[in-house]
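Single-letter residue listing:
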Amino acid sequence: LVYPFGIYACQDGYFECAGIGVNWPGVGPMMDMPELVDDPRFSNILAQQQPGNKEAFEVLWIPWCLEHTKKEIVERGQKAGVLCGPLATMEEVFVDPHWNERGFFTEIDHPIAGKFTYPGRPIKADDMPWVIRSPAPMLGQHNEEIYTRLGHTKEDLPGLRAAGII
């Protein structure tokens, strides 16, 4: 196993980090521990795989993570050349200025659930217009269309309903 690689807890949630391989030289500076870069226990993949070395690193890494916020860790990681990013909760996504400024969210009015805000299109491009054409379907709303595509006739549908199939 190589490290740091994966999802880690921090002061205000979780973040993902890939401080392995060519990114390893940034991990020590990211943590204000530049001496880690050349520490023989961690300095290469073979050393990292030796018994006890991962635990020795985690004794330093995990408390450091828990002392910092996602934002601090990501900023430090970016500055040091370590791949890392925050894992946002839905609440954090909904209030994020970036997503709101880009118009990522859209309101959908569902006939039973009512009006809610949902994530919108994953990619925004001026030459690719995107709209939500309808809310999520009601249970069984498209049964006739589906069952006729499967080879049943409209006349078959009352019998299928009576049998509890649809």
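Rules behind the numbers
Residue numbers here run from 1 along each chain, matching the order of that chain's written sequence. Selection of residues for local features in this predicted model requires a pLDDT of at least 70, selection of side-chain atom pairs for listing and counting requires 80 or more, and totals for whole chains, interfaces and linings are taken over all residues. For the side-chain quantities, the full set of heavy atoms in the structure was used; hydrogens and water were omitted. Paired strands, as defined in this entry, are two strands with at least two bridges between them according to DSSP. Counting from the N terminus, the helices are DSSP H or I runs at least four residues long and the strands are E runs at least two residues long. Lines fitted to C-alpha atoms define the axes here, with helix axes fitted over just the stretch in contact, and angles between the N-to-C directions of these axes take values from 0 to 180 degrees. Residue contacts follow a heavy-atom distance rule, with two residues in contact if any of their heavy atoms lie within 4.5 Å. Grid points spaced at 1 Å and placed over the protein atoms alone form the basis of the search, with a cavity being a set where a 1.4 Å probe fits but cannot get out and a pocket an open set showing protein on both sides within 12 Å along at least five of seven lines. Lining residues have an atom within 4 Å of a point. Grid points are joined across faces, edges and corners, and a volume is the space filled by probe spheres set on the points. Here a helix's expected span is defined as the number of its residues, less one, multiplied by 1.5 Å. The reported bend at a residue is simply the angle between two axes, fitted to the 7 residues ending at it and to the 7 residues beginning with it. Relative accessibility thresholds used throughout: buried, under 20% of the residue-type maximum; exposed, over 50%; partly exposed, between the two (1.4 Å probe, protein chains only). Patch membership requires over 30% relative accessible area and the absence of a salt bridge. Like charges are linked within 9 Å, and nonpolar side chains (Val, Leu, Ile, Met, Phe, Trp, Tyr) within 5 Å. Residue-level accessible areas treat just the shown protein chains as cover; the underlying method is Shrake-Rupley with a 1.4 Å probe. Salt bridge, as applied in this entry: a Lys or Arg side-chain nitrogen positioned within 4 Å of an Asp or Glu carboxyl oxygen.

Draft legend 1. Fine view of the sheet that holds strand E2 (residues 13–18). Taking strand neighbours across the sheet as the criterion, the 3 strands line up as E1-E2-E3 in an open arrangement whose pairing is antiparallel. The open sheet is flanked by strand E1 (5–10) and strand E3 (83–87), the only strands paired with a single partner. Going from strand to strand, the sheet's axes swing by 25° on average, the running direction of each strand aside. Relative to E3, E2 is paired through 5 bridges, and the arrangement is antiparallel. By the bridge assignment for E3, Cys17 is matched with Cys84. Lying over the sheet, helix H3 (residues 53–66) contacts E1 and E2, oriented at roughly 50° with respect to E1.

Draft legend 2. Region of interest: empty space enclosed by the protein. The tally for this structure, following the rule as stated, stands at 1 cavity of 30 Å³ or more. The volume enclosed by the largest cavity comes to roughly 60 Å³. Around the largest cavity sit Trp99, Arg102, Gly103, Phe104, Arg121, Pro122 and Lys124, which together line it.

Draft legend 3. Geometry of H3. In a regular helix each residue adds 1.5 Å, so 14 residues correspond to 20 Å; H3 covers 20 Å between its end C-alpha atoms and thus fits that length. Of all the bends found along H3, the most pronounced is centred on Val59 and spans about 30°, while Pro63, a proline, follows it within four residues. Within the span of H3, buried status applies to Asn53, Phe57, Trp61, Trp64 and Cys65. Summarising the contacts, the buried residues of H3 are in contact with E1, E2, helix H1 (24–30), helix H2 (45–48) and helix H4 (70–80).

Draft legend 4. Region of interest: a nonpolar patch on the surface. On the surface, Ile7, Tyr14 and Leu87 cluster together to form a nonpolar patch covering roughly 290 Å² of accessible area. Following the sequence through the fold, Tyr14 ends up in strand E2. With a relative accessible area of 47%, Tyr14 lands in the partly exposed category.

Taken by themselves, the reported measurements are silent on function.
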